[in-house]
There are 2 protein chains.
Amino acid sequence: MKYIAHINVMPHKELLDPQGKAVNNSLHNLGLSQIQDVRIGKHITLNIEAGTKEAAAQLAEDACKKLLANQVMEAFEVSVIEG
Amino acid sequence: MKYIAHINVMPHKELLDPQGKAVNNSLHNLGLSQIQDVRIGKHITLNIEAGTKEAAAQLAEDACKKLLANQVMEAFEVSVIEG
């Protein structure tokens, strides 16, 4: 069966996010001063061929651990839907 | 009130995603050949101070249109929760 995994990879809360900080400042310069604490990470979608939803989620998690996320600096979350 | 906006900015489906293609090939080299069609975009979180959830969603959409997404090449989706 086909599944679609949606993965968010975000910098850990404890770490500075210079890209987010720069975007935060730019938004303020554009007049959007109600916006604070911008954090920027990656959103990744995968199509997975697997027998069960659990197997698909396991594959997506493997992909995160092996390649997609640097767990020293980033946390990831995976959600799998039928595709 | 405080709201948190979760924004996904993804390349349009019609467009090539060279970064996703490269990651797809790397995943196959790592033995995860059940994974196909990798697409990579941005996940952005914003803290927003606004009167209503609708106002917060409007601010997040403004931020996307003005700065966060290049609408020629990217599509965005916004979801707002109370923070």
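Residues numbered from 1 in each chain as written. Chains lettered and ligands numbered in written order. Predicted model: local features only at pLDDT ≥ 70, side-chain atom pairs only at ≥ 80, totals over all residues. Heavy atoms only, no water.

- Under an unreviewed UniProt entry, chain A has the name Phosphoribosylformylglycinamidine synthase subunit PurS and belongs to Taibaiella soli.
- The record in UniProt for chain A states the following under Catalytic activity (unreviewed entry): "N(2)-formyl-N(1)-(5-phospho-beta-D-ribosyl)glycinamide + L-glutamine + ATP + H2O = 2-formamido-N(1)-(5-O-phospho-beta-D-ribosyl)acetamidine + L-glutamate + ADP + phosphate + H(+)".
- UniProt's Sequence similarities (unreviewed entry) comment on chain A is quoted here verbatim: "Belongs to the PurS family." (UniProt positions renumbered as here; feature names shortened; annotations may be inferred.)

### Quick notes on helix α2 (residues 53-68) of chain A
- Those residues of α2 of chain A not exposed but buried are A56, L59, A60, A63, C64 and L68 of chain A. The buried residues of α2 of chain A occupy one face: seen down the axis, they fall within an arc of 145°. (Buried < 20%, exposed > 50% of the residue type's maximum accessible area, 1.4 Å probe, protein only. Helix = DSSP H or I, 4+ residues; strand = E, 2+ residues; numbered from the N terminus. Arc of directions from axis to C-beta.)

### Quick look at the sheet that holds strand β3 (residues 74-82) of chain A
- Taken together, the six strands give an open sheet; going across it, the order is β3(A)-β1(A)-β2(A)-β2(B)-β1(B)-β3(B), and neighbouring strands pair in antiparallel fashion. Both edges of this open sheet fall to β3 of chain A together with β3 (74-82) of chain B, since each of them pairs with a single strand only. The mean inter-strand angle of the sheet, taken between neighbouring strand axes irrespective of direction, is 25°.
- As paired elements, strand β1 (residues 2-11) of chain A and β3 of chain A share nine bridges and run antiparallel to each other. Paired with H6 of chain A across the strands is S79 of chain A, a residue of β3 of chain A.
- In the packing of helix α1 (residues 18-29) of chain A onto the sheet, the strands contacted are β2 (35-49) of chain A together with β2 (35-49) of chain B, and the crossing angle to β2 of chain A comes to about 125°. (Pairing = 2+ DSSP bridges. Axes fitted to C-alpha atoms, helices over the stretch in contact; angles between N-to-C directions. Contact = heavy atoms within 4.5 Å.)

### Concerning the pattern of salt bridges
Residue and element names in this part refer to chain A.
- Summed over the entire model, instances satisfying the criterion amount to four salt bridges over all chains.
- Residues E61 and K65 are paired through a salt bridge, measuring 3.1 Å at the closest nitrogen-oxygen approach. Here E61 and its partner K65 are both found in helix α2, four residues apart, which amounts to about one turn of the helix. (Salt bridge = Lys/Arg side-chain N within 4 Å of Asp/Glu carboxyl O.)

### Focus on the relation of the copies chain A and chain B
- With an RMSD of 0.0 Å, the fit of chain A onto chain B corresponds to turning through 180° and sliding 0.0 Å along the axis. What the rotation and shift describe, once combined, is the action of a two-fold rotation axis. Closest approach to the rotation axis among the C-alpha atoms of chain A is made by K42 of chain A, whose C-alpha sits 2.2 Å away. (Least-squares fit on C-alpha atoms with pLDDT ≥ 70 in both.)

### Topic: the packing of α1 of chain A against helix α2 (residues 53-68) of chain B
- It is the contact of α1 of chain A with α2 of chain B, at a shortest axis distance of 11 Å, that shows an interaxial angle of 105°. Viewed along their axes, α1 of chain A and α2 of chain B adopt a mutual orientation that is roughly perpendicular. Along the contact surface, α1 of chain A presents V23, S26 and L27 of chain A, while α2 of chain B presents A63, L67 and L68 of chain B.
- Split into classes, the residues belonging to the contact of α1 of chain A with α2 of chain B amount to five nonpolar, one polar and no charged. (Parallel < 35°, antiparallel > 145°, perpendicular 65-115°, else oblique. Nonpolar A, V, L, I, M, F, W, Y, C, P; charged D, E, K, R; others polar.)

### Looking at the interface of chain A and chain B
- Each side of the interface is counted separately: chain A has 29 residues, and chain B has 29 residues.
- A buried area of about 2,600 Å², summed over both sides, lies between chain A and chain B, and 67% of it is on carbon and sulfur atoms.
- Interface area lost by chain A to chain B is led by Q34, H43 and N47 of chain A, which between them contribute 20%.
- On inspection of chain A and its partner chain B, the count reaches zero salt bridges.
- Counting every contact that joins chain A to chain B gives 12 residue pairs in polar contact (both at pLDDT 80 or more).
- At the level of secondary structure, the elements contributing two or more residues to the side of chain A that touches chain B comprise β1, α1, β2 and α2 of chain A.
- The greatest single-element share of the side of chain A that touches chain B, amounting to 15 residues, is contributed by β2 of chain A.
- Pairing geometry for β2 of chain A and β2 of chain B, over 11 bridges, is antiparallel. Following the sheet pairing, I35 of chain A is matched in β2 of chain B by I48 of chain B. (Buried area = accessible area lost by both parts, 1.4 Å probe. Polar contact = N/O pair within 3.5 Å; in protein donor to acceptor, adjacent residues only side chain to side chain.)

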